[in-house]
Amino acid sequence: MPADPSELSTWSHVKYFGSNLFLRGLLLGAGLVPYRFRVPMMGRLVTAMGRAAGFHKRVRDNLKLVSPELSELDADQLYRDVSNNAGRMIAELYAGKEFFERARKAPITGPGLKALEDARAAGRPVLLATAHFGNYDAARAALVARGHEMGSLYRRMANPYFNEHYVEAMKANHDLMFEQGKRGMVELVRHLKKGGIAAIVTDLHAQGGELIDFFGKPAVTSTVPAELALKFGAALIPVYAVRQENGLDFEIVMNAEVPPSDPLTMSKALSADLEAIVRKHTGQWFWIHRRWKPYVPVGKAARQTSSAAD
């Protein structure tokens, strides 16, 4: 959660303000370039800047950490693919109507579409579980174009100056957004109670979550999506926007609804589903982020750990 600018130290203020000024200028300049050239251009720029920031090392370290068979991948090529996709996502987020008009035409495949339609016909709420893969906003655009209005749960950026226009850009593409936190969760619950559709990103390190294997290594994973689905009788459906070979178009893949059971079992199913599609399109998942952070118990788990240590 970013601090209010007035609460920042002098150094943090300068650092965040300066980096936002640079990025904002870059985005405004890129906006002058036609869409079909702008998107790949931003991919190349982010690849260059990310290497300067050392993100290629994080991709290499993540590859070394996970399943042995992935260690055979070319880490440099994977970094180029990942950062190129990230740059394209940024350009698409700020493109507004140009991106939306292209994404809304994306074909939707998989059994999850029928599960969504059946849930809507029955008046059931729907939770769409997605990830930092391809461009999840394309999935929202394609579904909205087919009459499935939805809300999204999002996490604020660390830089409060960048966060301001980042959220504005997202809101221009979304009908309803819930900021991660107590208030946002209350609004999300209210939305689900009305039988609405909401999208949640499930591949972030979640403090207080459960250790669930992802590519053979335990990753702290939130069980909240599964808990919400069980509490409100919502259909829990994995959905991904797979970037196509031309780098501009998408296929929306909606996999089978996760059967209701218990939060841990359902969360494991979501993690396995994501792993399966990442194995097919390895360079489209965000290997740059710290998915495998150490587990730090909180709440009841922390008290139990402390008691055991005593």
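Shown above is the structure to which this text applies.
Residues numbered from 1 in each chain as written. Predicted model: local features only at pLDDT ≥ 70, side-chain atom pairs only at ≥ 80, totals over all residues. Heavy atoms only, no water.

Draft legend 1. Just the overall build of the chain, in detail. Per the secondary structure count, the chain includes twelve helices and nine strands. A sequence separation of at least 24 residues applies to 76% of the contacts in the chain between residues at least 6 apart. Only carbon and sulfur atoms are counted for the fraction: they give 56% of the accessible area of the chain, which is about 15,400 Å². (Helix = DSSP H or I, 4+ residues; strand = E, 2+ residues; numbered from the N terminus. Contact = heavy atoms within 4.5 Å. Areas by Shrake-Rupley, 256 points an atom, 1.4 Å probe, with all protein chains shown as cover.)

Draft legend 2. Representation of the packing of helix H9 (residues 182–193) against helix H10 (residues 224–232) in the model. For the pair H9 and H10, the least separation of the axes is 11 Å and the interaxial angle reads 40°. With respect to the hand of their crossing, H9 and H10 are arranged in right-handed fashion. Here Met185, Leu188, Val189, Leu192 and Lys193 of H9 come into contact with H10, specifically with Val224, Leu228 and Phe232. Of the residues contributing to the contact of H9 with H10, the split by class is seven nonpolar, no polar and one charged. (Axes fitted to C-alpha atoms, helices over the stretch in contact; angles between N-to-C directions. Left-handed = near helix turned anticlockwise from the far one by under 90°. Nonpolar A, V, L, I, M, F, W, Y, C, P; charged D, E, K, R; others polar.)

Draft legend 3. A look at helix H3 (residues 55–65). Of the positions making up H3, those classed as buried are Val59, Asn62 and Leu63. Buried residues of H3, viewed axially, fall in a sector of 100°; they line one side. For H3, exposure combined with an orientation more than 90 degrees from the buried face picks out Lys57 and Lys64. Taken together, the buried residues of H3 touch helix H4 (75–93). (Buried < 20%, exposed > 50% of the residue type's maximum accessible area, 1.4 Å probe, protein only. Arc of directions from axis to C-beta.)

Draft legend 4. A look at the pattern of salt bridges. Inspection of the entire model under this criterion finds ten salt bridges. Across the pair glutamate 92 and arginine 243 runs a salt bridge whose closest N-O atoms are separated by 2.7 Å. Pair noted here: glutamate 92 is in helix H4 and arginine 243 is in strand S8 (residues 235–243), with a separation of 151 residues, a long-range link. In this pair, the class of glutamate 92 matches that of arginine 243, namely buried. (Salt bridge = Lys/Arg side-chain N within 4 Å of Asp/Glu carboxyl O.)

Draft legend 5. The side chain of histidine 205, seen in detail. Relative to the helices and strands, histidine 205 resides in the loop between strand S5 (197–201) and strand S6 (210–214). Within polar-contact distance, the side chain of histidine 205 engages the side chain of glutamine 207 at 3.5 Å. What histidine 205 contacts, discounting residues up to four positions off in sequence, is Arg155, Val220, Arg290, Arg291, Lys293 and Pro294. (Polar contact = N/O pair within 3.5 Å; in protein donor to acceptor, adjacent residues only side chain to side chain.)

Draft legend 6. Structural context of the packing of aromatic side chains. For the coordinates displayed, the defined rule picks out nine aromatic pairs. Each ring, one from phenylalanine 214 and one from tryptophan 292, has its centre 5.8 Å from the other, and the planes form 25°; the classification is stacked. Of the two residues, phenylalanine 214 sits in strand S6 while tryptophan 292 sits in the loop between helix H11 (263–280) and helix H12 (299–309), which places them 78 residues apart along the sequence. We classify tryptophan 292 as buried; its relative accessible area is 13%. Seen from their ring centres, phenylalanine 215 and tryptophan 287 are 5.4 Å apart, and the 50° between their planes marks the pair as tilted. Note that phenylalanine 215 is positioned in the loop between S6 and strand S7 (217–221) and tryptophan 287 in the loop between H11 and H12, a separation of 72 residues in sequence. The buried category is assigned to phenylalanine 215, whose relative accessible area is 1%. Using a relative accessible area of 0% as the deciding quantity, one classes tryptophan 287 as buried. Members of the aromatic cluster, connected to one another through ring pairs, are Phe214, Phe215, Trp285, Trp287 and Trp292. (Phe/Tyr/Trp six-rings, centres within 6.5 Å; stacked < 30°, edge-to-face > 60°.)

Draft legend 7. Region of interest: the environment of valine 253. Relative to the helices and strands, valine 253 is located in strand S9 (residues 250–254). The exposure class assigned to valine 253 is buried, which follows from its relative accessible area of 13%. In this structure, the C-alpha to C-alpha distance between valine 253 and proline 111, residues 142 residues apart in sequence, is 8.8 Å.

Draft legend 8. Geometry of the packing of helix H2 (residues 35–52) against H4. Between H2 and H4, whose axes approach to 7 Å, the crossing angle comes to 130°. On the basis of the axis angle, H2 is oblique to H4. Judged by the sense of rotation from one axis to the other, the crossing of H2 with H4 is right-handed. Contacts between H2 and H4 involve Tyr35, Arg38, Val39, Pro40, Met42, Gly43, Arg44, Val46, Thr47, Gly50 and Arg51 from the former and Asp76, Tyr79, Arg80, Ser83, Asn84, Ala86, Gly87, Arg88, Ile90, Ala91 and Glu92 from the latter. Within the contact of H2 with H4, the residues separate by chemical class into nine nonpolar, six polar and seven charged. (Parallel < 35°, antiparallel > 145°, perpendicular 65-115°, else oblique.)

Draft legend 9. Molecular detail of the nonpolar core. Leu116, Val126, Leu128, Leu143, Ile237, Ile252 and Met254 are the most contacted members of the largest nonpolar core, which has 34 residues in total. By residue number, the principal contributor to this core is helix H7 (residues 136–145), which donates five residues. Not counting the four nearest positions on each side in its chain, leucine 143 is found in contact with Ile108, Leu113, Leu116, Leu128, His148, Met150 and Met254. Of all hydrophobic cores here, the second largest spans 23 residues; its members include Leu63, Val66, Ala219 and Ile277. (Core = buried A, V, L, I, M, F, W, Y, C linked by side-chain atoms within 4.5 Å.)

Draft legend 10. The pairing of S9, seen in detail. Counted residue by residue, S9 has four buried out of five residues, so it is predominantly covered. Where strand S1 (residues 108–109) and S9 come together, two bridges link them in parallel fashion. The residue bridging isoleucine 108 from the neighbouring strand is isoleucine 252, located in S9. Direction of pairing for S8 relative to S9: antiparallel, over a ladder of five bridges. Across the sheet, the residue bridging to valine 242 is glutamate 251, located in S9. In sequence, S8 turns back onto S9 through a hairpin of six residues, with glycine 247 there showing a positive phi of about 75°. (Pairing = 2+ DSSP bridges.)

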